[in-house]
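Listed below, chain by chain, are the residues.
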Amino acid sequence: MQVEEYLNKIAESEGTVHLTLIDPASQTPDEAAEIAHAAALGGTDAIMVGGSTGAGGVILDQTLLKIKEKTDKPTILFPGNASGVSRYADAIFFMSLLNSRDINFITTNQAMGAPVVYKSGIEPISMAYLIVEPGGTVGWVGDAKLIPKHKPELAVAYALAGKYLGMHYTYLEAGSGADAPVTPEMIGAVKHVLGDNKLIVGGGIRDGETAKLCALAGADMIVTGTILEESSNVTAKIEELVSAIKK
Ligand SMILES: CC(C)=CCC/C(C)=C/CC/C(C)=C/CC/C(C)=C/COP(=O)(O)OP(=O)(O)O
Ligand SMILES: O=P(O)(O)OC[C@@H](O)CO
Ligand SMILES: [Mg+2]
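Residues numbered from 1 in each chain as written. Chains lettered and ligands numbered in written order. Predicted model: local features only at pLDDT ≥ 70, side-chain atom pairs only at ≥ 80, totals over all residues. Heavy atoms only, no water.

- Per an unreviewed UniProt entry, the recorded name for the chain is Geranylgeranylglyceryl phosphate synthase, and the organism is Methanolobus profundi.
- In its Pathway (unreviewed entry) section, the UniProt record describing the chain reads: "Membrane lipid metabolism; glycerophospholipid metabolism." (UniProt positions renumbered as here; feature names shortened; annotations may be inferred.)

Have a look at this one:
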């Protein structure tokens, strides 16, 4: 089964998908594999691999190879630029940062990365990537015209534009390590116009209660990264998150 179909099926049958984000720049490939293994035991659905500060090349390849030794969960690239493409992943969130001021993040990195995706046969999953205040490092790196936290109508406008451009997924990002995730009001308003298109929410989700609020508001998939890097017991943390968001 293709990864997109796999994720959509889980969203339909279990209510919400949990995605574990691993930044290849944050630890060694062996440590990344340990996190992925522990996350799989806790019930995560897939492993996203990427970072905004551009760990590509050998580190990225090794991180994916080690993760694949330790778990059968699908691996999905979450690239900060064209160097974030690796042939060892199963799929890639092929995203455009629709609210960037910089054409590099709207189409140029996509063009530079696309031939590698084509040759390696990894599955592209088209995605509109939208960065909301506070936006964190990724907001700065991606030169985003940050969507104000309390202006859900602006997020709705961008989400609709992404849907009409043919993108299957929409990602509402508050920035890695944000104090709080995007508001339930914004999540609900965006999901309302997306209909069956899938909505991913990430940035600042640290516990089951917060994850549940996002899921109940309309998120189809929840991403957590920072809290797993900080947890001494990744399996227990994932169990907490997963049990809060699944039917
Ligand atoms: C599709 C291709 C080939 C490229 C897309 C390039 C785009 C649109 C990038 C968007 C801007 C960007 C820098 C995204 C990075 C997203 C990401 C991998 C965030 C991960 O967050 P962390 O790595 O946890 O954040 P820190 O790096 O701040 O820790
Ligand atoms: O690190 P956290 O805050 O979990 O954010 C995850 C993801 O949305 C970052 O791109
Ligand atoms: Mg990081």
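Let's talk about the UniProt feature "binding site: sn-glycerol 1-phosphate" (unreviewed entry) in the chain
Logical step 1: UniProt feature "binding site: sn-glycerol 1-phosphate" (unreviewed entry): in the numbering of this structure it lies at Tyr 171, Leu 172, Glu 173, Ala 174, Gly 175, Ser 176, Gly 177, Gly 203, Gly 204, Gly 225 and Thr 226.
Logical step 2: Mapped onto the elements of the fold, Gly 177 is located in the loop between β6 (169-173) and α7 (184-194).
Logical step 3: Once you skip the residues sitting within four places of it in the chain, Gly 177 turns out to touch Gly 204, Arg 206 and Thr 226.
Logical step 4: Structurally, Gly 204 can be placed in the loop between β7 (198-202) and α8 (208-217). (Helix = DSSP H or I, 4+ residues; strand = E, 2+ residues; numbered from the N terminus. Contact = heavy atoms within 4.5 Å.)

Some words on the nonpolar core
Logical step 1: Counting residues in each nonpolar core, the largest one holds 28 residues, and the members touching the most others are Leu 172, Val 182, Met 186, Ile 187, Val 190 and Val 201.
Logical step 2: Of all the secondary-structure elements, those providing two or more residues to this core are β5 (123-131), α6 (152-164), α7, β7, α8 and α10 (234-245).
Logical step 3: The residues contacting Met 186, other than those within four sequence positions of it, are Val 132, Ile 147, Pro 148, Lys 149, Lys 151, Pro 152, Ala 155 and Leu 172. (Core = buried A, V, L, I, M, F, W, Y, C linked by side-chain atoms within 4.5 Å. Buried < 20%, exposed > 50% of the residue type's maximum accessible area, 1.4 Å probe, protein only.)

Re the side chain of Asp 23
Logical step 1: With respect to the element layout, Asp 23 can be found in the loop between β1 (17-22) and α2 (29-42).
Logical step 2: Once residues lying within four places of it in the same chain are set aside, the contact partners of Asp 23 are Gly 50, Gly 51 and Glu 229.

Let's talk about the site of ligand 1
Logical step 1: Around ligand 1, 20 residues are found, and the nearest of them are Asp 23, Gly 51, Ser 52, Phe 78 and Ser 176.
Logical step 2: Side-chain polar atom of Asp 23 to an oxygen atom of ligand 1: 2.8 Å apart, as the coordinates give it.
Logical step 3: The separation between an oxygen atom of ligand 1 and a polar side-chain atom of Ser 176 is 3.0 Å.
Logical step 4: Within the complex, the protein chains bury 94% of what would otherwise be the 740 Å² of accessible surface of ligand 1. (Near = heavy atom within 4 Å. Polar contact = N/O pair within 3.5 Å; in protein donor to acceptor, adjacent residues only side chain to side chain. Areas by Shrake-Rupley, 256 points an atom, 1.4 Å probe, with all protein chains shown as cover.)

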